[in-house]
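The primary structure of each chain is shown beneath.
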Amino acid sequence: MPKIVSVHSFRGGTGKSNTTANVATLLAVRGQRVGVVDADIASPGIHILFGLEEDKMGHSLNDYLWGKCDIQQTAHDVTANLGNDVKGRVFLVPSSIKAGEIARVLREGYDVGLLNDGFRDLIQTLELDVLMIDTHPGLNEETLLSIAISDVLLIILRPDQQDYQGTGVTVEVARKLSVPCMMLVVNKVPAAFPTDEVRARVEQAYHAEVAAVLPHSDEMMALASAGVFVTRYPDHPITAALKQVAERLSRSG
Amino acid sequence: MTSTGNILVVDDDLLNRLVLSTNLQEQGYDVAMAENGRQALEMLGSQPFDVVLLDLVMPELDGFQVLEQMKHDSAQREIPVIVISALDEMESILRCIEMGATDYLPKPFDAALLRARLNASLANKRLRDIELEYLEQVNRVMQAAAAVESGTFECDSLNPVAARGDALGQLARVFQNMARQVYAREQSLRQQVQELQIEIDEVKKARQVAEITETEYFRDLCARAQRLRQRNGK
């Protein structure tokens, strides 16, 4: 059964897109067909991680939401950009990076119900095993919809008081939406923090499973958005932790 | 005159003691006298001496016994002992040197020879003191390393070693600096772990959740989500 995974964080800058891109890649390495939707329409960016050049972007999610094209036309196969170890496929649905189109979608909004139709069509036509939705930070309508239709909600947070509070809100809202499976990823954890201690405290605070604790990494910072980390650093501890997330997602539901 | 060393003269013969002590005092030494071996050991146990001039034949404890006991006492074994003896007691002199005596002084005393042998013994004693102090401070550094390993290290314990101007002093200073840095990092870690306290303002959270969930949109979304899941076959 295909599954929808929403990747969310209450605040920006938590590494949500990076986590999405890396986990999607690792799932594809495991042989799965993975769709990634950049639903962060206000501040898109995951296409850069997948090496999708702007002039080759063609149709975007915005075009679909405005009825200019089918959702399938917005999906770009980025598998070739992920190295030779990927046995499955990764399809990316980018959001428009044109300033005018971003301004328009923010000004006029769109029918969020179309998102669900689009997601369902993508899963069917591309024969996806997993559809990952890189959501906009915070809890606006389209994010709530994404969460509401998800089989798995992956919440990314940093060890930071503001994130703790915001994540508490997200977890509570997700429970009210009856999301079947909810997992947390604690990202950018200072190296001095004991990983097991962080995991235990976060799980205790939210009564939710922690899929991974990802330490702060200079290599990750240096790579920035220049590529998908797990393909550049296959033996790095962060890659190992992200594999746990991919493994956990594969087992969920 | 500034003292050039503390000398203990041990001899049961009063005249010998007086001659020796007068001579030594004239040369600038501080002199204490013991009239037998037992008294000598008591004095050695209660005050520091740089050299012992030791007669061999004495009542109560003789010179051999004093020497033997000194060599078994860690605080006294490094004190140079010059045996006072007649030249015809060469066998005894050799025995004493085998037992650890530094030198011997033949009777009757020769002032120049006494001065020369005392100076040599004192020079050796001072070198040995420096060596022992060095070894003691090396031991302190080793103890410090063990204390670091067991988590009981106190930085100030190395202050006497760190005050040295030589390589050992530099080693101790580097050691102290590293330990201080580690301590600072530990403090920082404790601070960070405290920051790991996850404190959620439940009242604020409830308000924020209510702002989202007590809306028409959310109620509609919940109903739609259920329908959508059913439609998606979940």
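Residues numbered from 1 in each chain as written. Chains lettered and ligands numbered in written order. Predicted model: local features only at pLDDT ≥ 70, side-chain atom pairs only at ≥ 80, totals over all residues.

1. So, the overall build of chain A
At step 1: When its secondary structure is counted, chain A shows 11 helices and 8 strands.
At step 2: The 253 residues of chain A split such that 52% are buried.
At step 3: If you take every contact in chain A between residues at least 6 apart in sequence, the share linking residues at least 24 apart comes to 78%. (Helix = DSSP H or I, 4+ residues; strand = E, 2+ residues; numbered from the N terminus. Buried ≥ 20, exposed ≤ 12 C-beta atoms within 10 Å, placed from the backbone. Contact = placed C-beta atoms within 7 Å.)

2. Focus: unusual backbone geometry
At step 1: At the junction of lysine 107 of chain B and proline 108 of chain B, the peptide bond is cis and its omega measures out at -5° in the coordinates.
At step 2: Assignment of secondary structure puts proline 108 of chain B in the loop between β5 (103-107) and α5 (111-150).
At step 3: Even without being glycine, glutamate 127 of chain A reaches a positive phi, approximately 50°.
At step 4: Within the fold, glutamate 127 of chain A resides in the loop between α5 (113-125) and β5 (130-134).
At step 5: Phi angles above zero are rare outside glycine, and histidine 207 of chain A is one such case at about 50°.
At step 6: In this fold, histidine 207 of chain A is placed in the loop between α8 (195-206) and β8 (209-215).

3. Here's the deal with the interface of chain B and chain A
At step 1: On the chain A side, the residues contacting the 22 residues of chain B number 26 residues.
At step 2: Elements supplying a minimum of two residues to the side of chain B that touches chain A: α7 (167-195), α8 (202-213) and α9 (216-231) of chain B.
At step 3: A total of 7 residues in the side of chain B that touches chain A trace back to one element, the largest contributor, which is α9 of chain B.
At step 4: Here the residues of the side of chain B that touches chain A sort into 12 nonpolar, 4 polar and 6 charged. (Nonpolar A, V, L, I, M, F, W, Y, C, P; charged D, E, K, R; others polar.)

4. Topic: the packing of helix α7 (residues 161-176) of chain A against α8 of chain B
At step 1: It is the contact of α7 of chain A with α8 of chain B, at a shortest axis distance of 9 Å, that shows an interaxial angle of 45°. It follows from the interaxial angle that α7 of chain A and α8 of chain B lie oblique. When you trace α7 of chain A past α8 of chain B, the crossing you get is right-handed. Contacts between α7 of chain A and α8 of chain B involve Gln165, Gly168, Val169, Glu172, Val173 and Lys176 of chain A on the former and, on the latter, Lys204, Lys205, Gln208, Val209, Ile212 and Thr213 of chain B.
At step 2: Each residue belonging to the contact of α7 of chain A with α8 of chain B can be placed in one class, and the counts come to 4 nonpolar, 4 polar and 4 charged. (Axes fitted to C-alpha atoms, helices over the stretch in contact; angles between N-to-C directions. Parallel < 35°, antiparallel > 145°, perpendicular 65-115°, else oblique. Left-handed = near helix turned anticlockwise from the far one by under 90°.)

5. Description of the pairing of strand β3 (residues 51-55) of chain B
Residues and elements named next belong to chain B.
At step 1: Judged by how many residues are buried, β3 sits mostly within the fold: 5 of 5 residues are covered.
At step 2: Judged by which residues are buried, β3 turns out to be covered on both faces: Val51, Leu53 and Asp55 on one side and Val52 and Leu54 on the other are all buried.
At step 3: Where strand β1 (residues 6-10) and β3 come together, 4 bridges link them in parallel fashion. If you follow valine 9 over to β3, its bridge partner there is leucine 53.
At step 4: Taking the sense of rotation as the criterion, the β-α-β connection linking β3, helix α3 (residues 63-71) and strand β4 (residues 81-86) turns out right-handed. (Pairing = 2+ DSSP bridges. Right-handed = clockwise from strand over helix to strand, strands pointing away.)

6. Considerations on the pairing of β8 of chain A
At step 1: In terms of residue burial, β8 of chain A counts as a mostly covered element, since 5 of its 7 residues are buried.
At step 2: Regarding the hand of the β-α-β motif, the stretch spanning strand β7 (residues 181-189) of chain A, α8 of chain A and β8 of chain A is right-handed.

7. Let's talk about the sheet that holds strand β2 (residues 30-34) of chain B
Residues and elements named next belong to chain B.
At step 1: Read across the sheet, 5 strands follow the order β2-β1-β3-β4-β5 without closing on themselves; strand pairing throughout is parallel. The sheet is open, and its two borders are formed by β2 and β5, each paired with just one other strand. Shown here is a sheet whose adjacent strand axes are inclined to one another by a mean of 20°, direction ignored.
At step 2: As paired elements, β4 and β5 share 5 bridges and run parallel to each other. Residue alanine 86 lies in a different strand from β5, and its bridge partner there is lysine 107.
At step 3: Across the sheet, helix α2 (residues 37-46) touches β1 and β2, and the angle it forms with β1 is around 160°.
At step 4: In this fold α5 packs onto β3, β4 and β5, with an angle of close to 165° to the strand it touches most, β5.

8. Thoughts on α5 of chain B
At step 1: With 40 residues, α5 of chain B ought to run about 58 Å at 1.5 Å a step, and its terminal C-alpha atoms sit 57 Å apart, in line with that.
At step 2: In the stretch just after α5 of chain B, glycine 151 of chain B is the one whose phi turns positive, near 75°. (Expected span 1.5 Å × (residues − 1).)

9. Focus: the sheet that holds strand β1 (residues 3-8) of chain A
Residues and elements named next belong to chain A.
At step 1: Judged by pairing direction, the sheet is mixed, and its 8 strands sit side by side in the order β3-β4-β2-β5-β1-β6-β7-β8 without closing on themselves. Edge strands, defined here as strands with exactly one partner in the open sheet, are β3 (76-77) and β8.
At step 2: Where β7 meets β8, 5 bridges bridge the pair, whose relative direction is parallel. Directly across from valine 185, in β8, lies its bridge partner alanine 212.
At step 3: This element, α5, spans β1, β2 (33-38) and β5 of the sheet and lies at about 145° to β5.
At step 4: Contacting β7 and β8, α8 crosses the sheet at an angle of about 145° to β8.

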